[in-house]
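Listed below are the residues making up each chain.
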Amino acid sequence: TLGSADPRVAMDLNGRIIVVWSRKSSDASAPGNTLWSQRYSNGNWLTVAQRISNLPTRDNSGYALSPALAMGINGTAMAVWTDNGQTSNAARSIWAATFNGSNWSAPLPVSDGTRTAYDARVATDAAGSFIVVWTQDTNIQGAAQPAALPIPNVWARHYNAGAWGTAQPIGFAGLVAGEGVISPHLGMNAGGDAMVVWVQTHAGQVSIAGNGYRAGTALWRTPAYIDNLPTQASSPAVSLDNA
């Protein structure tokens, strides 16, 4: 009876499945979208669909969209999404809920809420650690910037042993108006190594760039161009093996 969209699915090594999706709110006074989940194992749906995002609070506030989902080998999982209007300045922000194998946590903000954020991705290793990456504006659009051009960069945040690390930009520094990032894609292997690739606009070019993370170091490397030819590039994707 309510419009639903953007389904995502993940599975662990035992064949347990989690599905998440965005669903239109049933509250006519707050018609935003909410994020829902349902689990499947051994030929049966284990639960009725349950909401895992916050409820909308006013018109166009609380609007969960564009989810991403990762599930570990032990049945733990994380869903991330873009939510509109959940912060004091009503900027789009990145939110997450974690699944401990039995229950979903309350939703928590992942981005800092000071700038518009979107395009979240999430991946996990064999130990149940997660990395979330997203695109976030580095500037505030306003009267002081007549062109009102956003300058988005790539950000990342780790989740390990039930605790969140610090959100940090991992793309190129010193971006100016007309430059920025779109379409980040994240890969992570069982040992916790990771790589992010994205489309980078710079100096009139549209290139592919990336950055890597070595497990156990707590440090991202220096971003670098993968494809920097003068012709336009798009739609990068990345995957890692255990080496």
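In what follows, the structure referred to is the one given above.
Now for a quick tour of the structure. As the structure is a computational prediction, the values presented were derived from the model and not from experiment.

Helices and strands together make up the secondary structure of the chain, namely zero helices and 18 strands. Relative to its length of 243 residues, the chain is compact, with a C-alpha radius of gyration of 18 Å against a globular reference of 18 Å. Across its three principal directions, the C-alpha atoms of the chain cover 55 × 50 × 30 Å. Looking at charge distribution, the chain has the averaged site of its 13 positive side-chain charges lying 6 Å from that of its 13 negative ones.

Turning our eyes to something else, we now look at the packing of aromatic side chains. Summed over the entire model, instances satisfying the criterion amount to seven aromatic pairs. With centroids separated by 4.9 Å and ring planes inclined at 70 degrees, the aromatic side chains of Y40 and W45 adopt a geometry described as edge-to-face. When the centroid spacing of 6.4 Å and the interplanar angle of 25 degrees are considered together, the rings of W134 and W155 count as stacked. Note that W134 is positioned in strand 11 (residues 130-137) and W155 in strand 12 (residues 152-160), a separation of 21 residues in sequence. W155 matches W134 in its accessibility class, with the two residues each being buried. Through successive ring pairs, a cluster of aromatic residues spans F130, Y159 and W164.

This next bit is on the pairing of strand 3 (residues 33-41). Buried residues dominate strand 3, accounting for eight of its nine residues. Two elements, strand 3 and strand 5 (residues 50-51), share two bridges in a ladder whose sense is antiparallel. Bridge pairing links W36 to R51 in strand 5. Here strand 3 runs beside strand 4 (residues 44-45); their pairing, made up of two bridges, is antiparallel. If you follow S41 over to strand 4, its bridge partner there is N44.

What counts and what doesn't
- Residues numbered from 1 in each chain as written.
- Predicted model: local features only at pLDDT ≥ 70, side-chain atom pairs only at ≥ 80, totals over all residues.
- Heavy atoms only, no water.
- Helix = DSSP H or I, 4+ residues; strand = E, 2+ residues; numbered from the N terminus.
- Rg over C-alpha atoms; globule rule 2.2 N^0.38 Å.
- Lys, Arg positive; Asp, Glu negative; His and termini not counted.
- Charge placed at Lys NZ, Arg CZ, Asp CG, Glu CD.
- Phe/Tyr/Trp six-rings, centres within 6.5 Å; stacked < 30°, edge-to-face > 60°.
- Buried < 20%, exposed > 50% of the residue type's maximum accessible area, 1.4 Å probe, protein only.
- Pairing = 2+ DSSP bridges.

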